[in-house]
Number of protein chains: 2
Amino acid sequence: MRALTLVRYARALLLLALLSFGGQAFAQGDPLPSWNEGAAKQAILKFVETTTMQGSPSFVPPAERIATFDQDGTLWVEHPMYTQIVYCFERVPAVVKAKPELANVEPFKTVMSGNREAIAKLTTNDLVKILAATLTGMSVDDFRAEAKKWLDTARDPRWKRPFTELTYLPMQEVLKYLRANGYRTYIVTGGGQDFVRIYADEVYGIPPEQVVGTAAGTKYGYTKSGKPFLTKEPNLLLNDNNAGKVEGMYLMIGRRPFAAFGNSTGDRQMLEYTKAGTGERLAMLVLHDDAQREYAYGPAQGLPASKVGTFTQALYNEAIKQGWIVISMKNDWKRIFSFEP
Amino acid sequence: MRALTLVRYARALLLLALLSFGGQAFAQGDPLPSWNEGAAKQAILKFVETTTMQGSPSFVPPAERIATFDQDGTLWVEHPMYTQIVYCFERVPAVVKAKPELANVEPFKTVMSGNREAIAKLTTNDLVKILAATLTGMSVDDFRAEAKKWLDTARDPRWKRPFTELTYLPMQEVLKYLRANGYRTYIVTGGGQDFVRIYADEVYGIPPEQVVGTAAGTKYGYTKSGKPFLTKEPNLLLNDNNAGKVEGMYLMIGRRPFAAFGNSTGDRQMLEYTKAGTGERLAMLVLHDDAQREYAYGPAQGLPASKVGTFTQALYNEAIKQGWIVISMKNDWKRIFSFEP
């Protein structure tokens, strides 16, 4: 080969290498195979195309490409109980074992009784006591180790699988599709920030620094041998729900997302704030309307208000008014879980 | 060429392409040209080499490569007064103009008098009132616009330059060198998080989501036309100083840094916590001992304790004991500012 030919040849190979390494952005085929054709799928494809194509009037520079996702009910199953709440209840026996005096104190006595009817009647105030006792007072490392052990062995009551497998395949595809197009994907959850951080990287490909959640304080101290460590404290720093989600994004990211995904009234402000930005913005709401394959608890089910859950008629109306796209699990999702056909 | 040879050839070219594109890590020449040869420079070079070389026992996976930097006194000049405090004082006339009743209320009356002796005697409590009046009560967008305008026009008293030019060239080189080797660089500052975020990207190449600082709350609300916005509130969420720096990193990053840089007692816990991690960790302290080119206020200056500033003898002793590297501005830095030879 002559020198010039060699250079050309090298360039071609380099291009090939970059195309195959640079990746999924250039991947052939449907990036959202678990979605049925329809308005929801089209909205996602169109949003990515118009915000990432050079020369598009809605082009978003890569550094500003932020997409935020609620977790419970948006990325994975939240019914009949948030996974973290299950964890807290199942943690109570260990807490009582460590502090036997709690066995005769409410609400721990009721939880230990195993009486489901009595447990169902516990108040919000009781729940706060249970959260404080099971989530605070230990080092952040001990908390992580305990919660991780539980997540590895606990099974959900319906599918008998690890909770971390109950993620929605169509949403996993959206996460990957956005990332392949330069978006950084964040979780913005009402759940505990450090709880979600334990598994978010493995389960969603979302690293700890991209998980924003409800957060309590920590306290710096030293072991007897002088090694520094942090203890989880009960003071609430960030209630990452409703307006708190927008406040949390300002605190933790300092940027307004271009796309946001939620499923409940707790996500309303995040979607409003996202959509209020300039240029092309995408706001989507997952509607749980599939009693067969998952659950149905949205406003379209003709259920009485008390059973509608957290996707209310008012939220549905705002979605229509503001141009948010409602995702129907039943109609828009071809598959829901990776473990089902 | 036979098929197998072609494959080998393609592999070699691909490797070459990756090496040249993968970057500055392999760049020729000195990555720290503003540093004199010495223990400090060697420590930085060795740290990067041992934590990024494949097969090294101290290899750190790219996702975990976090380096944190204090700002005031570590990345830029903090003497004689923190830039943000200058901003707050200079903002007082505008605040009094908007609320004329403050003109006769302390500490605003004293600030408005321009009497330097009286201003120097203001208490911490007075300062808190000035910070609250100048940093809260407006929308985050208005705050950003006002502070940006000030930063564009204000000049420091000694060099008569924009404050944002008073960054240390050797530290800018460290930031770039770490980033070229896959480290994400964070600012972890006692200064206001949203103040620093205004210029950190332009000045240090550090995006807003990688600035951790002292943070107050915000409150979500709507304009009359229904547009959502955030208002800066006076409640303190995070006092990002001393132990607060470690607590802030846990909250905002959720990872322990592999390298940390500071210059004062406010950075002690961040350096302790960094150094207490497994594997190779780098902890460095900038010592201000150059009265000619910058300022001298460290313990080595033979100054009385009251003049030693925030780099105390106790901190110096801990640095030696814990294996932190002390950077002497006088001896380790060939150049200090980009605008000086």
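Attention in this report is confined to the structure presented alongside it.

About the cut-offs
- Residues numbered from 1 in each chain as written.
- Chains lettered and ligands numbered in written order.
- Predicted model: local features only at pLDDT ≥ 70, side-chain atom pairs only at ≥ 80, totals over all residues.
- Heavy atoms only, no water.
- Helix = DSSP H or I, 4+ residues; strand = E, 2+ residues; numbered from the N terminus.
- Buried < 20%, exposed > 50% of the residue type's maximum accessible area, 1.4 Å probe, protein only.
- Contact = heavy atoms within 4.5 Å.
- Pairing = 2+ DSSP bridges.
- Axes fitted to C-alpha atoms, helices over the stretch in contact; angles between N-to-C directions.
- Phe/Tyr/Trp six-rings, centres within 6.5 Å; stacked < 30°, edge-to-face > 60°.
- Salt bridge = Lys/Arg side-chain N within 4 Å of Asp/Glu carboxyl O.

Turning next to the environment of A:L282. All names here are of chain A. Among the secondary structure elements, L282 is positioned in strand β6 (residues 282-287). The exposure class assigned to L282 is buried, which follows from its relative accessible area of 6%. Spatially, the C-alpha atoms of L282 and F47 are 6.7 Å apart, while their sequence positions differ by 235 residues. Leaving out residues up to four positions away in the same chain, L282 has contacts with A43, I44, F47, F258, A259, A260, F261, T274 and I325.

Residues and elements named next belong to chain B. Across the sheet, which stays open at both edges, the seven strands sit in the order β4-β3-β2-β1-β5-β6-β7 with mixed pairing between neighbours. Each edge of the open sheet carries a strand with a single partner, namely β4 (228-238) and β7 (325-328). For this sheet, the mean inter-axis angle between neighbouring strands, taken without regard to orientation, is 35°. Across the face of the sheet, helix α2 (residues 39-52) comes into contact with β5 (259-262), β6 (282-287) and β7 while running at roughly 155° to β6.

Glancing now at the packing of aromatic side chains. The geometry of an aromatic ring pair comes down to the distance between the two centres and the angle between the two planes. All names here are of chain A. Within the structure shown, the criterion is met by 30 aromatic pairs over all chains. Taking 5.9 Å as the distance between ring centres and 75° as the angle between the ring planes, the aromatic pair formed by W35 and W333 counts as edge-to-face. With a gap of 298 residues between them, W35 in the loop between α1 (3-22) and α2 (39-52) and W333 in the segment after α13 (329-332) connect regions that are remote in the sequence. Taken individually, W35 and W333 each receive the classification buried, so the pair is uniform in this respect. Each residue in the set W35, W159, Y168, Y295, W333, F337 and F339 is aromatic and connected to the rest through ring pairs, giving one cluster.

Turning our eyes to something else, we now look at the pattern of salt bridges. Close approach of charged atoms allows side chains with opposite charge to pair. Residues and elements named next belong to chain B. Scanning the entire structure with this criterion turns up 30 salt bridges over all chains. With a closest N to O distance of 2.6 Å, K232 and D194 form a salt bridge. Taken as a pair, K232 in strand β4 and D194 in helix α9 (residues 193-204) lie far apart in primary sequence, 38 residues in all. The residues K232 and D194 share a single accessibility class, namely buried. Across the pair E272 and R268 runs a salt bridge, and its minimum N-O distance is 2.8 Å. Here E272 and its partner R268 are both found in helix α11 (residues 268-275), four residues apart, which amounts to about one turn of the helix. For E272, a relative accessible area of 8% corresponds to the buried category.

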